[in-house]
Amino acid sequence: MFFSSLWTSTVGQLLKLKRWVGVSSKRNQNVATTSEPRKLGTSSSSVPEYHRKKKKCPNGHTLCSNWKLRVHKRRPTRHYDLGNIRCSALVKVAESLEHPCKYQNFGCHDIVPYYSKLEHEKNCQFRPYNCPCAGPECHVIGDIRYLVMHLMNDHKVDVHDGCTFNHTYIQSNPQEVESATWMPMIFNCFDRQFCLHFEAIHLGMTPVYMAFLRFMGDETEARKFRYSIEVGSNGRKQIWQGVPRSIRDSHREVMDSQDGFIIPRALAHFFSGGDRQQLKLDLAGRIWKEQ
(Lines give C-alpha, C1' and ligand atoms only; values in the text may rest on other atoms or scores of the structure.)
Protein backbone atom coordinates (compact mmCIF):
# COMPACT_ATOMS: atom_id res chain seq x y z
CA MET A 1 0.00 0.00 0.00
CA PHE A 2 2.85 2.35 0.85
CA PHE A 3 4.63 1.79 -2.47
CA SER A 4 1.37 2.17 -4.40
CA SER A 5 0.79 5.54 -2.73
CA LEU A 6 4.38 6.58 -3.37
CA TRP A 7 4.20 5.67 -7.06
CA THR A 8 0.80 7.33 -7.56
CA SER A 9 2.03 10.56 -5.94
CA THR A 10 5.26 10.63 -7.93
CA VAL A 11 3.51 9.97 -11.25
CA GLY A 12 1.02 12.72 -10.45
CA GLN A 13 3.86 15.16 -9.79
CA LEU A 14 5.60 14.17 -13.04
CA LEU A 15 2.42 14.73 -15.07
CA LYS A 16 1.93 18.15 -13.46
CA LEU A 17 5.56 19.11 -14.25
CA LYS A 18 5.21 17.92 -17.83
CA ARG A 19 2.01 19.97 -18.33
CA TRP A 20 3.70 23.01 -16.74
CA VAL A 21 6.75 22.65 -19.01
CA GLY A 22 4.49 22.38 -22.06
CA VAL A 23 2.69 25.60 -21.20
CA SER A 24 5.97 27.38 -20.45
CA SER A 25 7.44 26.23 -23.76
CA LYS A 26 4.47 27.67 -25.70
CA ARG A 27 4.88 30.99 -23.92
CA ASN A 28 8.51 31.12 -24.99
CA GLN A 29 8.16 29.74 -28.52
CA ASN A 30 9.58 32.97 -29.98
CA VAL A 31 13.09 32.22 -28.62
CA ALA A 32 15.50 32.42 -31.59
CA THR A 33 17.24 29.08 -32.20
CA THR A 34 18.49 27.28 -35.29
CA SER A 35 16.94 23.96 -34.29
CA GLU A 36 14.06 22.76 -32.16
CA PRO A 37 14.91 21.35 -28.73
CA ARG A 38 15.15 17.58 -28.86
CA LYS A 39 13.53 17.18 -25.44
CA LEU A 40 11.24 19.05 -23.11
CA GLY A 41 12.41 22.68 -22.99
CA THR A 42 11.60 26.14 -21.78
CA SER A 43 13.16 29.58 -21.67
CA SER A 44 16.43 30.32 -19.92
CA SER A 45 14.61 32.50 -17.39
CA SER A 46 13.13 29.39 -15.74
CA VAL A 47 16.41 27.55 -15.31
CA PRO A 48 16.75 28.28 -11.57
CA GLU A 49 13.58 26.26 -10.96
CA TYR A 50 15.35 23.11 -12.10
CA HIS A 51 18.45 23.80 -10.07
CA ARG A 52 16.45 23.49 -6.87
CA LYS A 53 16.80 20.04 -5.36
CA LYS A 54 13.56 18.10 -5.27
CA LYS A 55 12.63 16.62 -1.88
CA LYS A 56 9.83 14.30 -0.79
CA CYS A 57 8.30 13.01 2.41
CA PRO A 58 8.07 9.26 3.21
CA ASN A 59 4.60 9.23 1.63
CA GLY A 60 5.99 10.40 -1.70
CA HIS A 61 4.75 14.01 -1.70
CA THR A 62 7.31 16.19 -3.48
CA LEU A 63 8.54 19.62 -2.41
CA CYS A 64 11.43 21.78 -3.62
CA SER A 65 14.15 22.66 -1.10
CA ASN A 66 13.06 26.33 -0.90
CA TRP A 67 9.52 25.41 0.12
CA LYS A 68 10.91 22.83 2.51
CA LEU A 69 12.57 25.67 4.45
CA ARG A 70 9.41 27.76 4.38
CA VAL A 71 7.31 25.04 6.01
CA HIS A 72 10.04 24.48 8.61
CA LYS A 73 10.70 20.92 7.49
CA ARG A 74 7.16 19.81 8.42
CA ARG A 75 4.39 18.69 6.11
CA PRO A 76 1.49 21.13 6.63
CA THR A 77 -1.17 18.39 6.13
CA ARG A 78 -0.05 15.57 8.44
CA HIS A 79 3.03 17.11 10.07
CA TYR A 80 5.45 14.33 9.22
CA ASP A 81 9.15 15.14 9.38
CA LEU A 82 10.16 15.80 5.78
CA GLY A 83 13.70 14.50 6.26
CA ASN A 84 16.19 14.90 3.43
CA ILE A 85 14.98 12.39 0.82
CA ARG A 86 15.70 13.37 -2.79
CA CYS A 87 12.97 12.72 -5.34
CA SER A 88 14.98 10.90 -8.01
CA ALA A 89 12.06 10.82 -10.45
CA LEU A 90 11.75 14.62 -10.59
CA VAL A 91 15.54 14.98 -10.72
CA LYS A 92 15.59 12.69 -13.78
CA VAL A 93 12.90 14.78 -15.47
CA ALA A 94 14.82 17.99 -14.73
CA GLU A 95 18.01 16.46 -16.16
CA SER A 96 16.21 15.74 -19.43
CA LEU A 97 15.32 19.40 -20.02
CA GLU A 98 17.31 21.52 -22.47
CA HIS A 99 17.61 25.30 -22.76
CA PRO A 100 18.92 27.92 -25.18
CA CYS A 101 22.14 29.73 -24.27
CA LYS A 102 21.49 33.14 -22.73
CA TYR A 103 23.89 34.67 -25.28
CA GLN A 104 21.64 33.78 -28.22
CA ASN A 105 21.25 37.49 -29.03
CA PHE A 106 25.03 37.61 -29.54
CA GLY A 107 24.95 34.69 -32.00
CA CYS A 108 24.95 31.47 -29.94
CA HIS A 109 22.17 29.08 -30.99
CA ASP A 110 23.24 26.08 -28.92
CA ILE A 111 20.64 24.10 -27.00
CA VAL A 112 22.25 22.61 -23.89
CA PRO A 113 21.12 20.39 -20.98
CA TYR A 114 20.26 22.35 -17.86
CA TYR A 115 23.06 20.75 -15.81
CA SER A 116 25.75 21.98 -18.23
CA LYS A 117 24.18 25.36 -19.04
CA LEU A 118 26.20 27.38 -16.52
CA GLU A 119 29.48 25.83 -17.66
CA HIS A 120 28.58 26.41 -21.31
CA GLU A 121 27.76 30.07 -20.72
CA LYS A 122 30.94 30.58 -18.72
CA ASN A 123 33.03 29.57 -21.76
CA CYS A 124 30.65 30.47 -24.60
CA GLN A 125 32.59 31.98 -27.49
CA PHE A 126 29.69 34.39 -28.13
CA ARG A 127 29.66 35.86 -24.62
CA PRO A 128 30.14 39.66 -24.74
CA TYR A 129 33.49 41.37 -24.22
CA ASN A 130 34.33 44.07 -21.69
CA CYS A 131 35.46 47.49 -22.83
CA PRO A 132 39.28 47.28 -23.28
CA CYS A 133 39.97 50.70 -21.79
CA ALA A 134 41.96 50.73 -18.55
CA GLY A 135 40.32 51.20 -15.19
CA PRO A 136 37.11 49.96 -13.56
CA GLU A 137 35.01 53.00 -14.38
CA CYS A 138 33.72 51.71 -17.76
CA HIS A 139 31.34 48.76 -17.50
CA VAL A 140 30.22 48.63 -21.13
CA ILE A 141 30.03 45.15 -22.68
CA GLY A 142 29.17 44.00 -26.19
CA ASP A 143 30.43 42.34 -29.32
CA ILE A 144 33.53 43.62 -31.13
CA ARG A 145 31.67 45.84 -33.59
CA TYR A 146 29.74 47.51 -30.78
CA LEU A 147 32.88 48.03 -28.68
CA VAL A 148 34.76 49.64 -31.58
CA MET A 149 31.92 52.18 -31.99
CA HIS A 150 31.86 52.69 -28.21
CA LEU A 151 35.61 53.38 -28.13
CA MET A 152 35.34 55.88 -30.99
CA ASN A 153 32.25 57.73 -29.77
CA ASP A 154 32.57 57.61 -25.97
CA HIS A 155 36.32 57.35 -25.35
CA LYS A 156 37.36 59.31 -28.47
CA VAL A 157 39.93 56.65 -29.36
CA ASP A 158 41.85 57.08 -32.61
CA VAL A 159 41.34 54.30 -35.15
CA HIS A 160 43.97 53.63 -37.84
CA ASP A 161 44.02 51.33 -40.84
CA GLY A 162 47.14 49.29 -41.48
CA CYS A 163 49.45 46.77 -39.84
CA THR A 164 52.33 49.16 -39.02
CA PHE A 165 52.41 52.04 -36.56
CA ASN A 166 54.71 54.85 -35.48
CA HIS A 167 53.49 56.95 -32.59
CA THR A 168 55.12 59.49 -30.27
CA TYR A 169 54.20 59.52 -26.58
CA ILE A 170 54.75 62.88 -24.85
CA GLN A 171 54.66 63.77 -21.16
CA SER A 172 55.89 66.87 -19.35
CA ASN A 173 57.88 66.55 -16.12
CA PRO A 174 57.96 62.71 -16.27
CA GLN A 175 59.97 62.50 -13.03
CA GLU A 176 56.99 63.80 -11.08
CA VAL A 177 54.56 61.19 -12.39
CA GLU A 178 54.11 57.99 -10.40
CA SER A 179 51.78 56.33 -12.89
CA ALA A 180 49.92 57.32 -16.04
CA THR A 181 47.73 55.72 -18.67
CA TRP A 182 47.52 56.91 -22.25
CA MET A 183 44.37 56.37 -24.27
CA PRO A 184 44.73 53.21 -26.37
CA MET A 185 44.91 53.29 -30.15
CA ILE A 186 42.92 50.94 -32.39
CA PHE A 187 44.37 49.39 -35.55
CA ASN A 188 42.34 47.71 -38.28
CA CYS A 189 44.57 44.94 -39.59
CA PHE A 190 43.70 41.65 -41.37
CA ASP A 191 40.02 42.60 -40.95
CA ARG A 192 40.54 42.45 -37.19
CA GLN A 193 41.04 45.09 -34.51
CA PHE A 194 44.02 45.52 -32.16
CA CYS A 195 44.50 47.87 -29.18
CA LEU A 196 47.90 49.42 -28.49
CA HIS A 197 48.38 50.36 -24.82
CA PHE A 198 51.07 52.50 -23.17
CA GLU A 199 51.44 52.87 -19.40
CA ALA A 200 53.73 54.46 -16.80
CA ILE A 201 53.87 52.03 -13.87
CA HIS A 202 56.15 50.70 -11.11
CA LEU A 203 57.55 47.19 -10.99
CA GLY A 204 58.32 46.94 -7.32
CA MET A 205 60.32 50.11 -6.68
CA THR A 206 61.43 50.51 -10.29
CA PRO A 207 59.58 53.04 -12.49
CA VAL A 208 59.06 51.77 -16.03
CA TYR A 209 56.99 52.32 -19.13
CA MET A 210 55.09 49.38 -20.57
CA ALA A 211 53.65 48.97 -24.07
CA PHE A 212 51.57 46.00 -25.20
CA LEU A 213 49.08 44.97 -27.86
CA ARG A 214 45.70 43.35 -27.25
CA PHE A 215 43.56 41.51 -29.78
CA MET A 216 39.85 42.31 -29.92
CA GLY A 217 38.64 38.72 -30.06
CA ASP A 218 39.14 35.32 -28.48
CA GLU A 219 42.46 33.97 -27.25
CA THR A 220 42.46 31.14 -29.82
CA GLU A 221 42.45 33.61 -32.70
CA ALA A 222 44.85 36.00 -30.92
CA ARG A 223 47.53 33.30 -30.96
CA LYS A 224 47.53 33.40 -34.76
CA PHE A 225 49.15 36.86 -34.72
CA ARG A 226 52.50 38.36 -33.73
CA TYR A 227 53.66 41.91 -33.17
CA SER A 228 56.86 43.82 -32.58
CA ILE A 229 57.58 47.19 -30.93
CA GLU A 230 60.86 49.07 -31.03
CA VAL A 231 62.28 52.29 -29.60
CA GLY A 232 65.64 53.84 -30.26
CA SER A 233 67.76 56.94 -30.59
CA ASN A 234 71.39 57.95 -31.02
CA GLY A 235 72.33 54.71 -32.75
CA ARG A 236 70.70 52.55 -30.08
CA LYS A 237 67.59 50.37 -30.41
CA GLN A 238 65.50 48.12 -28.19
CA ILE A 239 62.99 45.66 -29.70
CA TRP A 240 60.17 43.54 -28.26
CA GLN A 241 58.32 40.75 -30.06
CA GLY A 242 55.25 39.07 -28.63
CA VAL A 243 51.80 37.58 -29.09
CA PRO A 244 48.84 39.94 -28.63
CA ARG A 245 46.68 39.14 -25.61
CA SER A 246 42.94 38.73 -26.04
CA ILE A 247 40.75 41.39 -24.44
CA ARG A 248 39.20 38.45 -22.55
CA ASP A 249 42.24 39.05 -20.31
CA SER A 250 41.76 42.25 -18.39
CA HIS A 251 44.06 45.23 -18.70
CA ARG A 252 45.33 44.57 -15.15
CA GLU A 253 46.01 40.87 -15.85
CA VAL A 254 48.27 41.74 -18.77
CA MET A 255 50.25 44.28 -16.74
CA ASP A 256 50.57 41.97 -13.73
CA SER A 257 52.00 39.23 -15.97
CA GLN A 258 54.47 41.76 -17.47
CA ASP A 259 53.60 40.39 -20.91
CA GLY A 260 54.70 43.40 -22.92
CA PHE A 261 57.51 45.76 -23.87
CA ILE A 262 58.99 47.05 -20.59
CA ILE A 263 61.26 50.09 -20.87
CA PRO A 264 63.08 51.46 -17.79
CA ARG A 265 62.15 55.12 -17.44
CA ALA A 266 65.77 56.22 -17.33
CA LEU A 267 66.34 54.59 -20.73
CA ALA A 268 63.10 56.03 -22.11
CA HIS A 269 64.21 59.52 -21.01
CA PHE A 270 67.59 58.94 -22.63
CA PHE A 271 65.84 58.04 -25.89
CA SER A 272 63.79 61.23 -25.46
CA GLY A 273 66.84 63.48 -25.47
CA GLY A 274 68.40 62.83 -22.09
CA ASP A 275 67.44 66.06 -20.28
CA ARG A 276 64.64 64.31 -18.31
CA GLN A 277 62.43 67.38 -18.67
CA GLN A 278 60.05 65.77 -21.14
CA LEU A 279 59.15 62.30 -22.32
CA LYS A 280 59.11 62.19 -26.10
CA LEU A 281 59.28 58.53 -26.98
CA ASP A 282 58.77 57.23 -30.52
CA LEU A 283 57.27 53.73 -30.65
CA ALA A 284 57.32 51.92 -33.99
CA GLY A 285 55.96 48.48 -34.67
CA ARG A 286 54.10 46.11 -36.92
CA ILE A 287 51.52 43.31 -36.75
CA TRP A 288 51.66 40.15 -38.84
CA LYS A 289 49.90 36.82 -39.09
CA GLU A 290 51.70 33.54 -38.49
CA GLN A 291 51.58 31.10 -41.42
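Residues numbered from 1 in each chain as written. Predicted model: local features only at pLDDT ≥ 70, side-chain atom pairs only at ≥ 80, totals over all residues. Heavy atoms only, no water.

Enquirer: Teacher, can you tell me more about the pattern of salt bridges here?
Expert: Where side chains of opposite charge bring their charged atoms close, a pairing between them can arise. With the rule as written, the count across this model stands at nine salt bridges. Measuring nitrogen to oxygen at the nearest pair gives 2.4 Å for the salt bridge that ties Glu-121 to Lys-117. With Glu-121 and Lys-117 both in helix 5 (residues 114-123), this residue pair falls four residues apart, about one helical turn. Residue Glu-219 is joined to Arg-223 by a salt bridge in which the shortest nitrogen-to-oxygen separation is 2.9 Å. (Salt bridge = Lys/Arg side-chain N within 4 Å of Asp/Glu carboxyl O. Helix = DSSP H or I, 4+ residues; strand = E, 2+ residues; numbered from the N terminus.)

Enquirer: Got a minute to help me understand the environment of Asn-173 in this structure?
Expert: Within the fold, Asn-173 resides in the loop between strand 9 (164-172) and strand 10 (180-181). The spacing of Asn-173 and Gln-277 is 104 residues in sequence and 5.3 Å in space, taken between C-alpha atoms.

Enquirer: Explanation requested: the packing of aromatic side chains in the structure shown.
Expert: Centre distance and the angle of the planes are the two values used to describe a pair of aromatic rings. Enumeration according to the criterion identifies twelve aromatic pairs in this entry. Ring centres 6.1 Å apart and planes at 85 degrees place the aromatic pair Tyr-169 and Trp-182 in the edge-to-face group. Remark: Trp-182 occurs in the loop between strand 10 and strand 11 (185-189) and Tyr-169 occurs in strand 9; sequence separation between them is 13 residues. Assessed through its relative accessible area of 2%, Tyr-169 is described here as buried. Residue Trp-182 is classed as buried on the basis of its relative accessible area of 18%. Taken together, the aromatic side chains of Tyr-169, Trp-182, Phe-198 and Tyr-209 make up a single cluster linked through ring pairs. Sitting above the plane of the Trp-288 ring, Arg-286 keeps its charged end 4.0 Å from the centroid. (Phe/Tyr/Trp six-rings, centres within 6.5 Å; stacked < 30°, edge-to-face > 60°. Buried < 20%, exposed > 50% of the residue type's maximum accessible area, 1.4 Å probe, protein only. Lys NZ or Arg CZ within 6 Å of the ring centre and 35° of its normal.)

Enquirer: Is there a simple way to think about the nonpolar core in this case?
Expert: Among the nonpolar cores identified, the biggest contains 34 residues, and Trp-182, Phe-198, Ile-229, Leu-281, Leu-283 and Ile-287 are the most heavily contacted of them. Per-element tally for this core: the top contributor is strand 13 (residues 206-215), with seven residues. Beyond its immediate sequence surroundings of up to four residues, Leu-283 is in contact with Phe-165, Asn-166, His-167, Tyr-169, Phe-198, Ala-211, Ile-229, Glu-230 and Val-231. With 13 residues, the next largest nonpolar core counts Tyr-129, Cys-138, Ile-144 and Leu-147 among its residues. (Core = buried A, V, L, I, M, F, W, Y, C linked by side-chain atoms within 4.5 Å. Contact = heavy atoms within 4.5 Å.)

Enquirer: I'm lost on unusual backbone geometry in this one. Help?
Expert: Working note: non-glycine residues mostly have negative phi, and peptide bonds are mostly trans. At Phe-190, a position not held by glycine, the phi torsion is positive, near 55 degrees. For Phe-190, the position within the fold is in the loop between strand 11 and strand 12 (192-203). Of the residues examined, Phe-190 reaches a relative accessible area of 40% and is grouped as partly exposed.

Enquirer: Could you clarify how one ought to interpret helix 6 (residues 144-153) in this entry?
Expert: Because each turn of an α-helix spans 3.6 residues, side chains separated by three or four positions in sequence point in the same direction. Of the residues making up helix 6, those classed as buried are Ile-144, Leu-147, Val-148, His-150 and Leu-151. Looking straight down helix 6, one finds that the buried residues subtend no more than 160 degrees of arc, so they occupy a single side. Next to the buried residues of helix 6 lie strand 6 (129-130), strand 7 (141-142), strand 11 and strand 12. (Arc of directions from axis to C-beta.)

Enquirer: Looking at this structure, I do not really get the environment of Arg-214. What am I missing?
Expert: Turning to its location among the elements, Arg-214 is positioned in strand 13. On the basis of relative accessibility, which here comes to 2%, the residue Arg-214 falls in the buried class. Between the C-alpha atoms of Arg-214 and Ile-186, which are 28 residues apart in sequence, the distance is 9.6 Å. Among the polar contacts made by the side chain of Arg-214, one reaches the side chain of His-197 at a distance of 3.5 Å. (Polar contact = N/O pair within 3.5 Å; in protein donor to acceptor, adjacent residues only side chain to side chain.)

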